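So the chains spell out like this:
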Amino acid sequence: MYPRRTLLKKISGLSLYILTLLSFIYVPKKGWAKWNQKAFQAKEFKNSLEAIYGSKSIEPSDQIKIEAPDVAENGLSVPVSVSSFIKKTENLSIFIEDNPLPLIANYHLKAGMIADFSVRVKVAKSTNIHVVIQSQEKLFSNSKKIQVTLGGCAED
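Residues numbered from 1 in each chain as written. Predicted model: local features only at pLDDT ≥ 70, side-chain atom pairs only at ≥ 80, totals over all residues. Heavy atoms only, no water.

**Description of the confidence of the model for the protein**
Interpretation of the predicted coordinates at a detailed level should be avoided for regions scoring low in pLDDT. Keep this limit in mind: On a scale of 0 to 100, pLDDT captures the predictor's confidence in every residue. By the criteria applied, helices consist of DSSP H or I runs no shorter than four residues and strands consist of E runs no shorter than two, each listed in order from the N terminus.
The share of residues in the protein with pLDDT of 70 or more is 89%, and the mean pLDDT across the chain is 85. The weakest mean pLDDT in the protein belongs to helix α1 (residues 4-25) at 78; the strongest belongs to strand β2 (residues 64-67) at 94.

Okay, structure coming up:
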């Protein structure tokens, strides 16, 4: 028979081991985001765009607001804010045209959600930032030119 202190140490050590083991076994699948591997790994802007939206026509819209610096001194961390005033926005994607992997973010929005996102991105060189929004089976886009003095992405 173990002394009381030794028994408590063994029980607490065993319970910690069991909790750690169970945390690796139980993996919640509902919380995982949808992953469009083809879109995120496409090396060209048009291929990435087609992987998400197909070949639908895209209308330019001034109801999509892109806030980013006109000149970024360092492309390693460029703040970009995107908001949409288009009703019933279902999907919002952010692309940086001349990056090695152009798709930066792809958000699926539920009914009633507000399309307003802020991210920090790496920008390889001076290029356009494109935002594409899907609303009621229609596509809308807006873009902004950004000048980069020191690139942040290394190409393979």
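There's more to say after this.
**Description of a nonpolar patch on the surface**
Condition: Each patch is assembled from residues with relative accessible area greater than 30% and no salt bridge, linking like charges that lie within 9 Å and nonpolar side chains (Val, Leu, Ile, Met, Phe, Trp, Tyr) that lie within 5 Å. The Shrake-Rupley method, run with a 1.4 Å probe sphere, supplies the accessible areas, and residue values consider only the shown protein chains as cover. Between Lys or Arg on one side and Asp or Glu on the other, a salt bridge is scored when a side-chain nitrogen of the former is within 4 Å of a carboxyl oxygen of the latter. Relative accessible area decides the class of each residue, using a 1.4 Å probe on protein chains only: under 20% of the type maximum gives buried, over 50% gives exposed, and in between gives partly exposed.
Taken together, the side chains of Leu14, Tyr17, Ile18, Leu21, Leu22 and Ile25 present a nonpolar region at the surface, about 620 Å² in accessible area. With respect to the helices, strands and loops of the structure, isoleucine 25 is situated in helix α1. Judged by relative accessible area, isoleucine 25 falls into the exposed class, the value being 58%.

**Let's talk about the pairing of strand β5 (residues 89-96)**
Here is the rule: A pair of strands counts as paired when DSSP detects no fewer than two bridges linking them.
Where burial is concerned, most of β5 is hidden: seven out of the eight residues are buried. Where β5 meets strand β8 (residues 127-135), seven bridges bridge the pair, whose relative direction is antiparallel. Each bridged residue has a counterpart across the sheet, and for isoleucine 94 the counterpart in β8 is valine 131. Sheet topology places β5 next to strand β6 (residues 103-108); five bridges connect them, and they run antiparallel.

**A word on the packing of aromatic side chains**
Two aromatic rings are characterised by how far apart their centres lie and by the angle between their planes. Rule in force here: Centres within 6.5 Å make a pair out of two Phe, Tyr or Trp rings, where for Trp the six-membered ring is used; the pair is then stacked when the planes are under 30 degrees apart, edge-to-face when over 60, and tilted otherwise.
Scanning the model with the defined rule gives two aromatic pairs in all. Ring centres of phenylalanine 45 and phenylalanine 95 lie 5.2 Å apart, and the angle between their planes is 80 degrees; this geometry places the pair in the edge-to-face category. With phenylalanine 45 in helix α3 (residues 45-53) and phenylalanine 95 in strand β5, the pair connects residues that are 50 residues apart, well separated along the chain. Residue phenylalanine 45 shares its accessibility class with phenylalanine 95, and that shared class is buried. Ring geometry for tyrosine 107 and phenylalanine 117: centres 3.8 Å apart, planes at 5 degrees, overall stacked. Here phenylalanine 117 lies in strand β7 (residues 116-121) and tyrosine 107 lies in strand β6, a separation of 10 residues in the sequence.

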